[in-house]
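Residue-level listing of the chains:
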Amino acid sequence: FVECAVPLSHGPTDADMQLTSTSNWTGANSTLAKQTTVAEVFMGSRSLSVTLTAAAGYAESGLVNMGQSEEGVAFAIGKADTGTGIFRILDGGGNTIESVSFTQEHWLLIRKQFNLDATDEQARLRLLGTDNNDQIDWGPDWIVRQNEPFFYLPSWIDERFKVKGVARARFRQAG
């Protein structure tokens with residue numbers, strides 16, 4: 001048994017990285033693997049390892065539906081074991097909305113507000129590196145729609161006793 005802290009989110013699928021497979025994340029110029037080594041997992045029992053096989057490799061989430069011109073906040077928890085990690089928010093057409101890069105090998109929380117254009121109704125997350133052989137570990141990566149106060153719990157929470165509590169966190173240290 002493992003105690004998991006799961007961020008409340010509106011997507012994408014496997015935002016908490018707790019599924020055993022990588023099928024909800026699409027890779028390009030990279031090898032994706034779920035890892036369970038304690039030092040490589042921020043919270044829960046798994047994280048996503050993205051190892052680049054060529055420059056600008058990445059893992060990409062599925063689309064998250066949003067309203068036109070909607071404001072959202074995207075979050076990521078990651079660490080760059082080797083090279084530079086990049087957390088990117090894309091619109092439904094694949095255009096970059098926001099991007100944050102880091103080289104820190106200690107777990108780092110990234111929070112980035114974004115706005116969709118009047119014609120956009122979807123967003124997705126892209127978890128990148130910069131150079132061949134970069135290796136970036138990713139904990140939860142998620143999107144919150146600012147104007148939607150309701151959240152669905154993960155499907156594995158199917159009994160009342162599986163929820164210990166709901167908490168709010170405020171991170172106070174910048175990376």
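Summarised in this report is the structure supplied together with it. (Residues numbered from 1 in each chain as written. Predicted model: local features only at pLDDT ≥ 70, side-chain atom pairs only at ≥ 80, totals over all residues. Heavy atoms only, no water.)

### A look at the overall build of the protein chain
Check the secondary structure of the protein chain and you find zero helices and 11 strands. Scanning the protein chain from its N terminus toward the C terminus, one meets helices and strands in the order β-β-β-β-β-β-β-β-β-β-β. Scaling as 2.2 N^0.38, a compact globule of 175 residues should have a C-alpha radius of gyration of about 16 Å, and the protein chain matches this with 16 Å. C-alpha extents for the protein chain along the principal axes are approximately 45 × 45 × 35 Å. Considering the protein chain as a whole, with its 175 residues, one finds that 43% of them fall into the buried category. Total accessible area computed for the protein chain in this model is approximately 9800 Å², and 47% of it derives from carbon and sulfur atoms. (Helix = DSSP H or I, 4+ residues; strand = E, 2+ residues; numbered from the N terminus. Rg over C-alpha atoms; globule rule 2.2 N^0.38 Å. Buried < 20%, exposed > 50% of the residue type's maximum accessible area, 1.4 Å probe, protein only. Areas by Shrake-Rupley, 256 points an atom, 1.4 Å probe, with all protein chains shown as cover.)

### Quick look at unusual backbone geometry
G11 connects to P12 through a cis peptide bond whose omega is 0°. Tracing the sequence through the fold places P12 in the segment before β1 (26-28). Residue N133 is not a glycine yet carries a positive backbone phi of 75°. Here N133 lies in the loop between β10 (122-129) and β11 (135-145).

### So, a nonpolar patch on the surface
A surface patch of nonpolar side chains, amounting to about 430 Å² of accessible area, comprises L8, F151, L153, V163 and V166. Following the sequence through the fold, V166 ends up in the segment after β11. (Patch = residues over 30% accessible without salt bridge, like charges linked within 9 Å, V, L, I, M, F, W, Y side chains within 5 Å. Salt bridge = Lys/Arg side-chain N within 4 Å of Asp/Glu carboxyl O.)

### As for the pattern of salt bridges
Under the counting rule described, the total for this entry stands at eight salt bridges. For the salt bridge of E60 with R124, the shortest nitrogen-to-oxygen distance reads 3.3 Å. Of this pair, E60 sits in strand β4 (residues 58-60) while R124 sits in strand β10, and the two are 64 residues apart along the sequence. Of the two residues, E60 and R124, both sit in the buried class. Between K79 and D137 there is a salt bridge, and its shortest N-O distance comes to 3.0 Å. With K79 in strand β6 (residues 71-82) and D137 in strand β11, this pair connects stretches of sequence that are 58 residues apart.

### Focus on the nonpolar core
Residues L48, F87, F114, L127, W138 and I143 are the most contacted members of the largest nonpolar core, which totals 25 residues. The set of elements that each furnish at least two residues to this core consists of β3 (47-52), β6, β7 (85-91), β9 (108-115), β10 and β11. Not counting chain neighbours up to four residues away, the residues in contact with F87 comprise A74, F75, A76, E98, S99, V100, I110, L125, R126, L127, W138 and D141. Judged by nonpolar contacts, the second largest core, of eight residues, contains M43, W107, W142 and V144. (Core = buried A, V, L, I, M, F, W, Y, C linked by side-chain atoms within 4.5 Å. Contact = heavy atoms within 4.5 Å.)

### Concerning the packing of aromatic side chains
A complete count under the given rule lists four aromatic pairs for this structure. We note R126 situated over the ring of Y58; from NZ or CZ to the ring centre the distance is 4.0 Å. (Phe/Tyr/Trp six-rings, centres within 6.5 Å; stacked < 30°, edge-to-face > 60°. Lys NZ or Arg CZ within 6 Å of the ring centre and 35° of its normal.)

### Regarding the pairing of strand β8 (residues 96-102)
Pairing analysis gives six bridges linking β7 to β8, with the strands arranged antiparallel. Opposite F87, over in β8, you have V100 as the bridge partner. Linking β7 to β8, which pair antiparallel, is a turn of four residues; within it G94 sits at a positive phi near 90°. (Pairing = 2+ DSSP bridges.)

### A few points about the layout of surface pockets
As a volume, the largest pocket reaches approximately 1800 Å³. Lining the largest pocket are 49 residues, with A5, V6, P7, L8 and A167 positioned closest to its centre. Of all the elements in the fold, those that place two or more residues in the lining of the largest pocket are β6, β9 and β11. Residues of the lining of the largest pocket, tallied by class, amount to 31 nonpolar, eight polar and 10 charged. (1 Å grid on protein atoms, 1.4 Å probe; cavity = no way out; pocket = protein on both sides within 12 Å on 5 of 7 lines; lining within 4 Å. Points joined across faces, edges and corners; volume = space filled by probe spheres on them. Nonpolar A, V, L, I, M, F, W, Y, C, P; charged D, E, K, R; others polar.)

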